[in-house]
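Structural features, examined
Listed below, chain by chain, are the residues.
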Amino acid sequence: MSDKNFETEAIRNQMERSQFQEHSTPLYLTSSFVFEDAEEMRAAFSEENERNIYSRFSNPNTTEFTDKVVQMEGAEAGYAFATGMAAVFSTFAALLNSGDHIVSARSVFGSTHTLFTKYFPKWQIETSYFDINNPDEIESLIRPSTKILYAESPTNPGVDIIDLELLGNIAIKHNLLLVIDNCFATPYIQQPIKFGADLVIHSATKLMDGQGRVLGGVVVGKAELVREIYLFARNTGPALSPFNAWVLSKSLETLAVRVEKHCENALKVAEFLESHDKIEKVKYPFLISHPQYEIAKKQMKLGGNIIAVEVKGGLEAGRNFLNALKMCSLSANLGDTRTIVTHPASTTHSKLSSEEQLAAGITPGLVRISVGLEHVEDIIQDIDAALIS
Ligand SMILES: *Cc1c(COP(=O)(O)O)cnc(C)c1O
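If you're wondering where the values come from, they're calculated on a predicted model, not measured in any experiment.

**Here's the deal with the side chain of D209**
- Inspection of the secondary structure assignment puts D209 in the loop between β6 (199-203) and β7 (217-221).
- Here D209 falls in the buried class, since its relative accessible area comes to 0%.
- Within the structure, the side chain of D209 is placed 3.4 Å from the side chain of S251, a separation counted as a polar contact.
- Beyond its immediate sequence surroundings of up to four residues, D209 is in contact with A204, V214, V247, L248, S251 and R258.

**Topic: the site of the ligand**
- Around the ligand, the structure places 13 residues, and the nearest of them are M85, D181, S203, T205 and K206.
- Taking G84, its main chain carries an N or O atom lying 2.8 Å from an oxygen atom of the ligand.
- Between an oxygen atom of the ligand and a side-chain N or O atom of S203, the distance comes to 2.8 Å.
- Coverage of the ligand by the protein amounts to 91% of the 380 Å² it exposes when considered alone.

**Here we look at helix α9 (residues 223-236)**
- Along its 14 residues, α9 runs 20 Å from first to last C-alpha, staying within 8% of the 20 Å computed at 1.5 Å per residue.
- Inspection of α9 places L225, V226, I229, Y230, A233 and R234 among the buried residues, and these make up the whole buried set. Taken end-on, α9 shows its buried residues confined to a sector of 170°, consistent with a single buried face. Within α9, the exposed residues directed more than 90 degrees away from the buried face are E224 and N235.
- Just past α9, the residue G237 takes up positive phi, approximately 90°.

**Points about the packing of aromatic side chains**
- For the structure on display, the rule yields 15 aromatic pairs.
- Where F89 meets W123, the ring centres are 6.4 Å apart and the plane angle is 50°; that geometry is what we call tilted. On the criterion of sequence distance, the pair formed by F89 in helix α4 (residues 84-95) and W123 in the loop between α5 (110-119) and β3 (126-130) is long-range, its members being 34 residues apart.
- The interplanar angle of 50° and the centroid separation of 6.0 Å between the aromatic rings of F116 and F120 together place this pair among those described as tilted.
- One cation-aromatic arrangement involves R234 over F57; the distance from NZ or CZ to the ring centre is 3.8 Å.
- Across from the ring centre of F286, 4.2 Å away, lies the NZ or CZ of K297, which sits over that ring.

**Notes on the environment of A332**
- In this structure, A332 sits in the loop between α13 (314-324) and β10 (340-342).
- Judged by its relative accessible area of 64%, A332 is exposed.
- Counting along the chain gives ten residues from A332 to T342, while the straight-line C-alpha distance between them is 7.0 Å.

**Structural notes on the domain arrangement of the protein**
- By domain assignment, the protein separates into domain 1 (6-252) and domain 2 (255-388).
- Each of domain 1 and domain 2 has a C-alpha centre, and the two are 26 Å apart.
- Residue-level contacts link 40 residues of domain 1 with 39 residues of domain 2.
- Contact between domain 1 and domain 2 buries roughly 3300 Å² in total, counting both sides, with carbon and sulfur atoms accounting for 61%.
- If you sort the residues of domain 1 by the area they bury against domain 2, I161, Y188 and I189 come out on top, with a joint share of 22%.
- Linking domain 1 with domain 2 are three salt bridges, by the criterion used here.
- Among the salt bridges present, the one from K298 reaches E165, with a minimum N-O distance of 3.0 Å.
- Remark: the boundary between domain 1 and domain 2 carries 19 residue pairs in polar contact (both at pLDDT 80 or more).
- Of all elements in the fold, only α1 (6-12), α5, α7 (164-173), α8 (186-189) and α10 (242-253) reach the threshold of two or more residues within the side of domain 1 that touches domain 2.
- Counted by class, the side of domain 1 that touches domain 2 contains 19 nonpolar, 14 polar and seven charged residues.

**Regarding the pairing of strand β2 (residues 101-105)**
- Burial within β2 is extensive, with five of its five residues counted as buried.
- Because side chains alternate across β2, one face comprises the buried residues H101, V103 and A105, and the other comprises I102 and S104, equally buried.
- Where β2 lies against β3, five bridges are found, and the strand directions are parallel. Bridging from a neighbouring strand, I102 pairs with T127 of β3.
- Viewed along the sheet, the connection from β2 through α5 into β3 turns out right-handed.
- Pairing analysis gives four bridges linking β2 to strand β4 (residues 146-152), with the strands arranged parallel. Bridge pairing in β4 links V103 to L149.

**Re the sheet that holds β4**
- Sheet architecture is open: seven strands sit in the order β1-β7-β6-β5-β4-β2-β3, paired in mixed fashion. Lying at the two open borders of the sheet, with one neighbouring strand each, are β1 (77-81) and β3. Each adjacent strand pair in this sheet contributes to an overall mean axis angle of 20°, direction not counted.
- Set on the sheet, α4 makes contact with β1, β2, β4, β5 (177-181), β6 and β7; between it and β6 the angle comes to about 150°.
- Contacts between α5 and the sheet are confined to β2, β3 and β4, with β3 contributing the most and set at about 130° to the helix.

Reading the values: the criteria
Residues numbered from 1 in each chain as written. Predicted model: local features only at pLDDT ≥ 70, side-chain atom pairs only at ≥ 80, totals over all residues. Heavy atoms only, no water. Helix = DSSP H or I, 4+ residues; strand = E, 2+ residues; numbered from the N terminus. Buried < 20%, exposed > 50% of the residue type's maximum accessible area, 1.4 Å probe, protein only. Polar contact = N/O pair within 3.5 Å; in protein donor to acceptor, adjacent residues only side chain to side chain. Contact = heavy atoms within 4.5 Å. Near = heavy atom within 4 Å. Areas by Shrake-Rupley, 256 points an atom, 1.4 Å probe, with all protein chains shown as cover. Expected span 1.5 Å × (residues − 1). Arc of directions from axis to C-beta. Phe/Tyr/Trp six-rings, centres within 6.5 Å; stacked < 30°, edge-to-face > 60°. Lys NZ or Arg CZ within 6 Å of the ring centre and 35° of its normal. Domains from an automatic or database assignment. Buried area = accessible area lost by both parts, 1.4 Å probe. Salt bridge = Lys/Arg side-chain N within 4 Å of Asp/Glu carboxyl O. Nonpolar A, V, L, I, M, F, W, Y, C, P; charged D, E, K, R; others polar. Pairing = 2+ DSSP bridges. Right-handed = clockwise from strand over helix to strand, strands pointing away. Axes fitted to C-alpha atoms, helices over the stretch in contact; angles between N-to-C directions.

Structural data, given as structure tokens:
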């Protein structure tokens with residue numbers, strides 16, 4: 001562990017230079033690595049040293065990216081994946097056995113919900129959901145077979161906040177593994193390990209890349225747990241490609257400045273929307289009107305870049321608003337330099353029944369705004385014009 005600040009580590013925590021003394025990290029586009037002799041190869045396979053063998057196991061670029069996230073989250077170890085969902089799936093698949101039970105917040109990323117409800121039951125792994133507005137019910141859902149307590153905060157797409165310290169205490173009391181998807185916050189804003197998380201998952205596709213170019217995922221946390229996840233991944237093959245790792249590692253160098261600006265813009269857009277007469281409701285963690293404002297202030301450095309808004313007039317008004325936008329993109333991504341607006345009920349969360357949608361806080365008129373890095377006056381102008389039209 002170094003005593004340098006977040007920004008400095010993000011930039012200076014690099015792999016060793018090659019014989020060319022390059023300043024910027026090179027791309028190691030190679031599927032395998034060579035050995036001098038049989039003995040060296042034997043030692044690498046028996047894990048007596050940390051040599052790279054094959055890029056499904058490790059590669060200098062994926063290691064550099066992972067090491068940066070490990071450092072940022074205050075973790076012991078990590079492993080990088082091709083996508084955020086590969087990271088989510090591999091974590092559960094590596095750590096759970098048939099008959100085990102998960103307790104999760106009801107409001108989770110759409111594909112994570114599909115894993116819990118469609119795929120894990122095939123292996124007799126059951127999930128019980130708790131309502132994030134009623135954390136008192138968490139303990140009543142825990143069974144002798146419960147192994148993992150799981151949550152995202154802020155949640156997608158409702159931007160609800162879950163008290164990480166509370167989850168950490170419950171996990172310790174009941175001897176559960178606490179796994180947090182920290183994608184919406186990034187380690188610059190919030191470090192769940194400080195509150196007792198055993199593992200932290202990211203979709204690096206979002207704010208970590210931040211420029212809408214590559215997919216990626218990463219899991220960091222306790223070394224013994226990461227080792228199990230690594231062995232599962234090493235044998236099943238969801239590894240991050242060296243090229244994407246190289247892109248993501250570069251992106252992390254600017255994470256702090258980008259996230260600062262994203263959040264500054266988002267707060268201004270949220271304040272503007274709150275005073276707009278075409279808007280029913282705005283949810284943004286750092287607005288005093290947010291139901292969990294106090295918790296957000298306790299565990300987050302900034303409010304993030306996602307705003308949930310309810311346009312007056314429900315589904316029809318929400319869709320009209322999307323159609324009237326001229327600059328903001330309609331796209332499935334988030335955390336991009338470009339402001340992106342989506343309608344979760346008909347897109348990312350359309351696989352949920354309407355009851356499940358409502359239970360997860362997804363009303364028909366809910367619109368999710370991922371505030372980008374354009375000048376904030378231009379973002380507000382585009383949104384305002386679309387609301388008035
Ligand atoms: C996007 C996202 C994921 C999945 O990540 P991919 O890189 O798209 O596979 C998981 N969790 C959250 C909260 C996300 O926003």
